[in-house]
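The residues making up each chain are set out below.
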Amino acid sequence: MLDPNGVSDAVAFLREAQHTAEARFHKLCDEADAMSIQGYLHDGTVVYWNCASEKIYGYSAQEAVGRNLLDLIIPQAAWPEVRASVRQMFETGQGVPAGRLTLQHKDGHLVSVYSSHTVVSLPGHPKVMFCMDADMSELAQAETELRIAATAFESQQGMLITDAQDRILRVNRAFTQSTGYTAEELVGQSPEVLHSGHHEADFFADMWRTLQAQGTWQGEIWHRRKNGEVYTDWATINAVHNPQGEVTHYVHTLTDITQRKQAEAQITRLAFYDALTHLPNRRLLQDRVHQAITARQRHRHCAALLFIDVDDFKGLNDTLGHEMGDLLLQQLAERLQNHVRDSDTAARFGGDKFTVMLDDLTDDLTVAAADAERTARKLLSVLAEPYALREQSYRSAVSIGITLFHGPHASVDELIRQAEMAMYAAKAAGRNKVRFFDVQMQAEVSHRVALVNSLRDGLKQAQLRLFCQPQVSHTGHLIGAEALVRWLHPDKGMVSPAEFIPVAESSGLILPLGIWVLAEACRQLVDWSARFAQSDFTLAVNVSALQFAQPDFVEQVRVVLADTGADPRRLKLELTESMLVSGVDDVIAKMSALQKLGVGFSLDDFGTGYSSLSYLQRLPLNQLKIDQSFVAGLLDDHSSAVIVQTIIALGQSLGLTVIAEGVETEAQRQMLARLGCEAFQGYLLGRPMPIADFEARYLTP
């Protein structure tokens, strides 16, 4: 017989061993930080939940034990599949194959895990299914980011990746399509294989210095395709660093901007150069003269403007025909270009009239006048030589008027008028002569001085009035208005803005005048908002270059908005391209600051200035405004039509609205609409009118 005491001791020993094994099991599972371990009964009830499970799924053991698996971590859509798998494992005693699962966190977000299962059966105990889950969230995120990166790499932009020694490791399809090289031809090569020869060594040295100092570089760069064609890319290069801060790779992103550059060149050619003579046209001349006037503010060197008119040109056209007249103008233009300095500007002003601006003469007015006269006399001689008009030799002569300027006091139009008046004085003296603008021609200048004083009084005595001209969509709905200033003089009546605005510009009165218009427009917005239902349109206000250049211009606008309570989203400031000639970074900074307030921007008279499309990309604009000179020539001048079409296409490509000003006929409006223009302004839609008339016609209480 067995000793009862011995049996009892054995049972106690076995129980203690089992208890010790269970304790060790629990300790092992609880300390498995990287592995979530859960235990479930056949109905899904949780009986074990280790610390790692708390971290991965968000439930504490106290919250999880006793609840059902499905309610805790299984997305509802997976319930049927999980029930079937659990039933299968308990029936067969074997776990399903290990694999990736997507489960659910306490807060609802999905958790990617690698899960394996086993069913444990002990005598006297119910079967328990243990799940061992490894958190794969970071791997899943990395895989997602890799997929996104792979998709981005195959974007429409050309991309290449180089190592730290600038050897090409990989290129995308867009890059091979743009360059004509295959990936096999490029891998292992240096990007120098694309060099066009258009850049000096200093260009690339500066690029690498910037990359090393800042970790990034961007700019225009000329490249050469495999077929030898040279094109322009907008390139962005970013350095990739390892955790130690060492450069491991460079990522190049390249956008072919050749078409955009061609569009820029086309606009420049059509807008600023004469089609017959290829000389700068009147617009470009005015811009150059404006720049020269501005330069006189920095130094006192003189400049001169020569106004040249062909004597008896009408007689040539009448006798030999317009074709011969065109030939003479072409040859005359060539002679002008060949006999002025590179720093000077020879331009065709219009018809048989030409101009030459002599820049950077001496600061001695007497010496400068002598230099200008010497140049004019040389031109008289050169232009009087015979012209070969097909089979005929033809002699012609010109009359030249000269005006000198050496300070910022004269406007562009003033200088041109002075030179033209002097030219007519030369004609009156017998033609083929040179004359200077002199004291006897000062009547107009005296009138200007009187006008400045009168305008200054008008500002003080509240003689100015705000008029509005409607802006209408292609559907005929009012979408905005342009605020325009008018001067109601007590004696002269309504003074034309064409008369007093240039005077205000040149005298500096444009600064107080501009603030008055801005404040009055904002007050009007507030008044309309209170009184009319249809007052959610924008009101455009012109800003002069001088006004915008003021260091505190942004603060001026902010103060006006605060004082009046106007909604900045309904205020649009119209800028001109002349503001972009210099200081574009300051312009962009001011525009961005005002845009943050809600103020919008329109680029006025677009196509008549001298801005670069690369700057245009950077400006926070809302709208391009087609200049009325192009609209006027739209129906009968091919160049104007091409420029308008190009501007509309450019605006659409940049995501900007386009409005045409100076629309006077239904035919113009229909043509603009066919070209894709969505908004119009001009006499056809409504003339500038007093506020009361504007309200009566367009606003409903």
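Just above sits the structure.
Residues numbered from 1 in each chain as written. Predicted model: local features only at pLDDT ≥ 70, side-chain atom pairs only at ≥ 80, totals over all residues. Heavy atoms only, no water.

## Looking at the overall build of the protein
For the protein, the helix and strand inventory stands at 26 helices and 27 strands. Within the protein, the fraction of its 701 residues that count as buried is 45%. For the protein, the accessible area works out to roughly 35300 Å², and carbon and sulfur atoms hold 52% of it. (Helix = DSSP H or I, 4+ residues; strand = E, 2+ residues; numbered from the N terminus. Buried < 20%, exposed > 50% of the residue type's maximum accessible area, 1.4 Å probe, protein only. Areas by Shrake-Rupley, 256 points an atom, 1.4 Å probe, with all protein chains shown as cover.)

## Regarding the pairing of strand β10 (residues 247–256)
The pairing of strand β6 (residues 158–163) with β10 spans 6 bridges and is classified as antiparallel. From the neighbouring strand, L160 faces β10, where its bridge partner is H252. The loop that links strand β9 (residues 230–241) with its antiparallel partner β10 comprises 5 residues; one of these, G245, has a positive phi angle of about 85°. (Pairing = 2+ DSSP bridges.)

## With respect to the sheet that holds strand β4 (residues 110–120)
Taken together, 5 strands build an open sheet; the order of strands is β2-β1-β5-β4-β3 and the sheet is antiparallel. The sheet terminates laterally at β2 (46–49) and β3 (99–104), the two strands that pair on one side only. For this sheet the average axis-to-axis angle between neighbouring strands, irrespective of direction, equals 35°. Sheet topology note: the strand β1 (residues 36–40)/β2 ladder contains 3 bridges and is antiparallel. In the sheet register, Y40 faces β2, and the bridge partner there is V46. (Axes fitted to C-alpha atoms, helices over the stretch in contact; angles between N-to-C directions.)

## A short note on the packing of aromatic side chains
Applying the stated criterion to the full structure yields 12 aromatic pairs. An angle of 55° between the planes, with centres 6.5 Å apart, marks the rings of Y48 and F130 as tilted. One end of the pair, Y48, is in strand β2; the other, F130, is in strand β5 (residues 128–135), and 82 residues separate them in sequence. The exposure class of Y48 is buried, given its relative accessible area of 8%. For F130, a relative accessible area of 13% puts it in the buried group. Taking the centre distance of 5.1 Å and the plane angle of 40° together, the rings of F694 and Y698 count as tilted. With F694 and Y698 both in helix α26 (residues 691–698), this residue pair falls 4 residues apart, about one helical turn. These aromatic residues form a ring-pair network of at least three members: W528, F537, F694 and Y698. In this structure, R282 packs its charged tip against the face of F349, placed 4.1 Å from the ring centre. Across the ring face of Y387, the terminal group of R335 is positioned such that the distance to the ring centre comes to 3.7 Å. (Phe/Tyr/Trp six-rings, centres within 6.5 Å; stacked < 30°, edge-to-face > 60°. Lys NZ or Arg CZ within 6 Å of the ring centre and 35° of its normal.)

## Quick notes on the pattern of salt bridges
One side chain can pair with another of opposite charge once the charged atoms of both are near each other. This model, assessed by the stated rule, comprises 26 salt bridges. Between D206 and R209 there is a salt bridge whose closest N-O contact spans 2.1 Å. With D206 and R209 both in helix α9 (residues 201–214) and 3 residues apart, this pair spans about one turn of that helix. By relative accessible area, D206 is classed as partly exposed at 38%. Residue E323 pairs with R390 through a salt bridge whose shortest N-O separation is 2.6 Å. (Salt bridge = Lys/Arg side-chain N within 4 Å of Asp/Glu carboxyl O.)

## Examining the sheet that holds strand β13 (residues 353–358)
Strand order in this open sheet of 5 strands is β12-β13-β11-β16-β17, and the pairing throughout is mixed. If you trace the sheet from one side to the other, it starts and ends with β12 (345–350) and β17 (434–436), each paired once. Taken pair by pair, the neighbouring strands of this sheet meet at an average axis angle of 20°, ignoring direction. Both strand β11 (residues 303–310) and β13 contribute to a ladder of 6 bridges, which runs antiparallel. Within β13, the residue paired with L306 across the bridge is V356. Contacting β11, β13, β16 (398–405) and β17, helix α14 (residues 365–383) crosses the sheet at an angle of about 160° to β16. (Contact = heavy atoms within 4.5 Å.)

## A short note on the packing of helix α11 (residues 282–296) against helix α15 (residues 412–428)
Look at α11 against α15: their axes get within 9 Å of each other, and the N-to-C directions meet at 110°. Put simply, α11 runs roughly perpendicular to α15. Contacts between α11 and α15 involve Q286, V289, H290 and I293 from the former and V412, D413, L415 and I416 from the latter. Among the residues making up the contact of α11 with α15, the classes are represented as 5 nonpolar, 2 polar and 1 charged. (Parallel < 35°, antiparallel > 145°, perpendicular 65-115°, else oblique. Nonpolar A, V, L, I, M, F, W, Y, C, P; charged D, E, K, R; others polar.)

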